[in-house]
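Here are the chains, one letter per residue:
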Amino acid sequence: MLSWKKMKNWSGPINRKNILGLKIDVDTYLGMKQGVPRLLSILSRFDIQATFYLSMGPDASGRAILQLIKNPRFLKKMLRTNAGRLYGMKTALYGTLLPSPMIALSFPELVEQIISAGHEVEFHAWDHRRWQDELYKRSLEWIEDWFEKGIKAYRRLVKKEPSSFGAPSWLIDDRVLEIARKYPFRYLSCTRAKEPFIHEISGLMEIPSNLPCFEEIGVNRGVSKIIQIMNVRPACPC
Ligand SMILES: [Zn+2]
């Protein structure tokens, strides 16, 4: 969401058409280890700031294989989005045949690099996979514990309180919003609503993800699709 650097130098009118908040969710160990450095170099090349929502704790992505067995629609989605190539085979086994490595906690220097490059780092998850698979059947205590572990890790890595929580897979319920009140979040980014709004239960502002993510539209068509939705022309015709 950080566009201040750009906005400060912006001479034209600021409106919804020329501000784009770039939200980068880091969900896997491999994504943190290999994806983040690449993204940092691309962002620096174009002088763009983004908000990195980091998963702090275990990468249990391999549990998705269990979903495959249970849900053929998930398999179709994996094949359609080429997720196997995107995430790698090892990632597909973490948390089942291979132990779960810690995601952001394994790379404190990388977290520092993200911050010193001027990007925001916010709280995405403790255990991303279990949240997205099991949130609705888990107890209130489990969710509290999930937040406690995640926020503790965040404080250790980022050395401040988080300003925001972006829920894994945009999954929340009333219990999550109650717990979110206990932390000093300034805003949430937990839904795919079309406009920002205030969450009734927590009283917190929601800045939703109201554009598609690359995972959904594919890397090749991603930029043109987003530009088309925003109905703007790229600044540079090259
Ligand atoms: Zn995520």
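Above this note sits the structure.
Keep in mind that what you see is a predicted model, and the values were worked out from it rather than measured. (Residues numbered from 1 in each chain as written. Predicted model: local features only at pLDDT ≥ 70, side-chain atom pairs only at ≥ 80, totals over all residues. Heavy atoms only, no water.)

Participant: Describe the packing of aromatic side chains, with residues and values.
Facilitator: The geometry of two aromatic rings is summed up by the distance between their centres and the angle between their planes. For the structure shown, the criterion picks out 13 aromatic pairs. Plain terms: the ring middles of tryptophan 146 and phenylalanine 147 are 5.4 Å apart, the flat faces sit at 70 degrees to each other, and that makes the pair edge-to-face. Tryptophan 146 sits in the buried class, given a relative accessible area of 2%. Judged by relative accessible area, which is 0%, phenylalanine 147 ranks as buried. Aromatic pair phenylalanine 147 and tyrosine 183: ring centres 5.7 Å apart, planes at 20 degrees, arrangement stacked. In this pair, phenylalanine 147 sits in helix H8 (residues 140–158) while tyrosine 183 sits in the loop between helix H9 (174–180) and strand S5 (187–188), placing the two residues 36 residues apart along the sequence. For the pair phenylalanine 147 and tyrosine 183, one class covers both residues: buried. Members of the aromatic cluster, joined through ring pairs, are Phe123, Trp131, Trp146, Phe147, Phe165, Tyr183 and Phe185. Note that lysine 23 overlies the ring of tyrosine 53, its terminal NZ or CZ placed 5.0 Å from the centroid. For arginine 192, the ring lying beneath its charged end belongs to tryptophan 170, and the centroid distance is 4.0 Å. (Phe/Tyr/Trp six-rings, centres within 6.5 Å; stacked < 30°, edge-to-face > 60°. Buried < 20%, exposed > 50% of the residue type's maximum accessible area, 1.4 Å probe, protein only. Helix = DSSP H or I, 4+ residues; strand = E, 2+ residues; numbered from the N terminus. Lys NZ or Arg CZ within 6 Å of the ring centre and 35° of its normal.)

Participant: Can you tell me about the nonpolar core, naming the residues and giving the values?
Facilitator: Nonpolar side chains in soluble globular proteins tend to end up buried together. Core analysis: the largest hydrophobic core is formed by 46 residues, its most contacted members being Met32, Phe52, Leu54, Trp131, Phe147, Phe165 and Phe185. Among the elements of the structure, strand S1 (23–26), helix H2 (29–45), strand S2 (51–55), helix H6 (108–116), strand S3 (120–125), H8 and H9 are those that each provide at least two residues to this core. Among the elements that line this core, the one with the most residues is H8, at nine residues. Those residues in contact with phenylalanine 147 that sit more than four places away from it in its chain are Phe123, Trp131, Phe165, Val176, Ile179, Tyr183 and Phe185. (Core = buried A, V, L, I, M, F, W, Y, C linked by side-chain atoms within 4.5 Å. Contact = heavy atoms within 4.5 Å.)

Participant: Explain the environment of arginine 186 to me, using residue names and the numbers behind them.
Facilitator: Note that arginine 186 resides in the loop between H9 and S5. Spatially, the C-alpha atom of arginine 186 lies 9.3 Å from that of glutamate 206, the residues being 20 residues apart in sequence. Every residue in contact with arginine 186, bar those within four places of it in the chain, is listed here: Ser163, Leu204 and Met205.

Participant: I'd like a rundown of the coordination of the zinc ion, residues and numbers included.
Facilitator: Protein coordination at the zinc ion: the donors are Asp27 (OD), Asp27 (OD), His124 (NE2) and His128 (NE2), at 2.1 to 2.6 Å from the metal. Geometry at the zinc ion is irregular, judged from the four donor atoms that bind it and their angles of 52 to 139 degrees at the metal. (Donors = N, O, S within 2.8 Å, 3.2 Å for Na, K, Ca; no water. Tetrahedral: all angles 85-135°; square planar, octahedral: opposite > 155°, others 65-115°.)

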